[in-house]
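Examination of the molecular architecture
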Amino acid sequence: MTKLQTLMTGIAFGESPRWHEDRLWFSDWGAREVIAVDLEGNSEVMVRVDFPSFPLCIDFLPDGRLLIVAGRDGLLLRREPDGSLVTHADLNSLSRNPWNDIVVDGRGNAYVNNAGFDFPGGEFAPGILAVITPDGSARQVADGVAFPNGMAVTPDNSTLIVAESYASKLTAFDIAADGGLSNQRVWAGLDGGAPDGICLDAEGAVWYGDVPNKRCVRVREGGQILHTIELDRGCFACTLGGVDNRTLFMVGQEWIGTESMHGGARTGQVLTAQAPAPRAGWP
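This is a predicted model, so every value here is computed, not measured. (Residues numbered from 1 in each chain as written. Predicted model: local features only at pLDDT ≥ 70, side-chain atom pairs only at ≥ 80, totals over all residues. Heavy atoms only, no water.)

**A few points about the pattern of salt bridges**
Summed over the entire model, instances satisfying the criterion amount to 16 salt bridges. The residue aspartate 101 makes a salt bridge to arginine 18 at a minimum N-O spacing of 3.4 Å. One end of the pair, aspartate 101, is in strand β10 (residues 99-104); the other, arginine 18, is in strand β2 (residues 14-20), and 83 residues separate them in sequence. Residue arginine 18 is classed as buried on the basis of its relative accessible area, which comes to 5%. One salt bridge in this structure joins aspartate 210 and arginine 215, with 3.4 Å as the shortest N-O distance. Each member of the pair, aspartate 210 together with arginine 215, is buried. A network of salt bridges, in which partner residues are shared, links Asp63, Arg65, Arg78 and Glu80. (Salt bridge = Lys/Arg side-chain N within 4 Å of Asp/Glu carboxyl O. Helix = DSSP H or I, 4+ residues; strand = E, 2+ residues; numbered from the N terminus. Buried < 20%, exposed > 50% of the residue type's maximum accessible area, 1.4 Å probe, protein only.)

Structure (structure tokens):
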């Protein structure tokens, strides 16, 4: 691993990084914006939204159109080529609790997860996972997940991995041809870790951001820790990209509780380091 570099600062609440068209895209929940930044640190606001921005996670369809989870409204939005936002899927019939992270696999299926309770502030209950197929239909495909967070799909579209933030583990599912999930199992126990956003590399390892432990960790299936990057603030998510897909991008900010999600000091940063293996799978 190389020394940490700072790519961007002054972010209100960064989340959901994705490498797309030679730039890092991420959502700033505090500013209600989707931002793209290049490797020189030049940034551009790509989307501004006028709805409550928690959560505001993003990913891309195979044709390049941006999907945005309007978590409080129960909607999955799609950005059209003219810049307009339209409804890709309405998820309210599946749950009225906040929707959270998203990953789109290589077949165009979008997986979105739901906290399962009114976070922040509500009494904990297990969450669910839903799939939105390319025809726009949505259905629940898993339940009993302890605060589902970041998700990734293996390069062969056969396995979905989801971070269970409240259970200190990464959980895997087999993906069926119709997008359904089965064979729920522990992919890696994390022994006190609190996994948030995740990504996969070409050696089959997962990187995960960890907010309370202020670190980004690389782990293999079974739970062996391969690398740990210590930060001075909570790491909310990570992704691989860059020229050779070996740049690890980490988004983080100071965490003082849920009140830090809304306004306040702009402590958010995008940090980078060179990773031992390139990006693989989705996102």
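After that view, the rundown keeps rolling.
**Focus: the nonpolar core**
Within the largest apolar cluster, 33 residues are counted, with the highest numbers of intra-cluster contacts made by Trp25, Leu66, Ile68, Leu76, Ile102 and Val112. Counting residues per element, the ones that place at least two in this core are β4 (33-37), β5 (43-48), β6 (58-60), β7 (66-70), β8 (75-79), β10, β11 (110-114) and β12 (127-132). For this core, the leading source of residues is β7, giving five residues. Excluding anything up to four places from it in sequence, isoleucine 68 contacts Val34, Val47, Phe51, Leu56, Cys57, Ile58, Leu75, Leu76, Leu77 and Leu85. (Core = buried A, V, L, I, M, F, W, Y, C linked by side-chain atoms within 4.5 Å. Contact = heavy atoms within 4.5 Å.)

**A word on the sheet that holds β2**
Across the sheet, which stays open at both edges, the four strands sit in the order β2-β3-β4-β5 with antiparallel pairing between neighbours. Pairing within the sheet leaves two strands with one partner each, and these edge strands are β2 and β5. For this sheet the average axis-to-axis angle between neighbouring strands, irrespective of direction, equals 25°. As paired strands, strand β3 (residues 23-28) and β4 are joined by five bridges and run antiparallel to one another. Paired with aspartate 28 across the bridge in β4 is glutamate 33. (Pairing = 2+ DSSP bridges. Axes fitted to C-alpha atoms, helices over the stretch in contact; angles between N-to-C directions.)

**A look at the side chain of aspartate 196**
Structurally, aspartate 196 can be placed in strand β18 (residues 195-201). Among buried charged residues, aspartate 196 stands out as having no salt bridge; its nearest opposite-charge side chain is arginine 18, 9.3 Å away. Sequence-distant contacts of aspartate 196, defined by excluding residues within four places in its chain, comprise Glu15, Asn149, Gly150, Ala163, Ser165, Gly209, Val211, Cys235 and Phe236. (Lys, Arg positive; Asp, Glu negative; His and termini not counted.)

**Structural notes on the packing of aromatic side chains**
The full count for this structure, using the stated rule, is 11 aromatic pairs. Ring centres 4.9 Å apart and planes at 70° place the aromatic pair phenylalanine 13 and phenylalanine 236 in the edge-to-face group. Note that phenylalanine 13 is positioned in the loop between β1 (5-11) and β2 and phenylalanine 236 in strand β22 (residues 234-241), a separation of 223 residues in sequence. Of the two residues, phenylalanine 13 and phenylalanine 236, neither departs from the other in class, the shared state being buried. Judged by centre distance (5.6 Å) and plane angle (70°), the ring pair of phenylalanine 117 and phenylalanine 124 falls under edge-to-face. Take phenylalanine 124: its relative accessible area is 41%, and that puts it in the partly exposed class. (Phe/Tyr/Trp six-rings, centres within 6.5 Å; stacked < 30°, edge-to-face > 60°.)

**Points about empty space enclosed by the protein**
Following the criterion strictly, the structure yields one cavity of 30 Å³ or more and no others. Empty space within the largest cavity amounts to approximately 50 Å³. Glu15, Ser16, Pro17, Arg18, Asp101, Gly150, Met151, Gly197, Ile198, Ala237 and Cys238 are the residues that line the largest cavity. For the lining of the largest cavity, the elements supplying multiple residues, two or more each, are β2, β14 (148-153), β18 and β22. Here the element with the most residues in the lining of the largest cavity is β2; it accounts for four residues. Considering only residue class, the lining of the largest cavity consists of five nonpolar, three polar and three charged. (1 Å grid on protein atoms, 1.4 Å probe; cavity = no way out; pocket = protein on both sides within 12 Å on 5 of 7 lines; lining within 4 Å. Points joined across faces, edges and corners; volume = space filled by probe spheres on them. Nonpolar A, V, L, I, M, F, W, Y, C, P; charged D, E, K, R; others polar.)

Everything listed here is a matter of geometry and, on its own, says nothing about what the molecule does.
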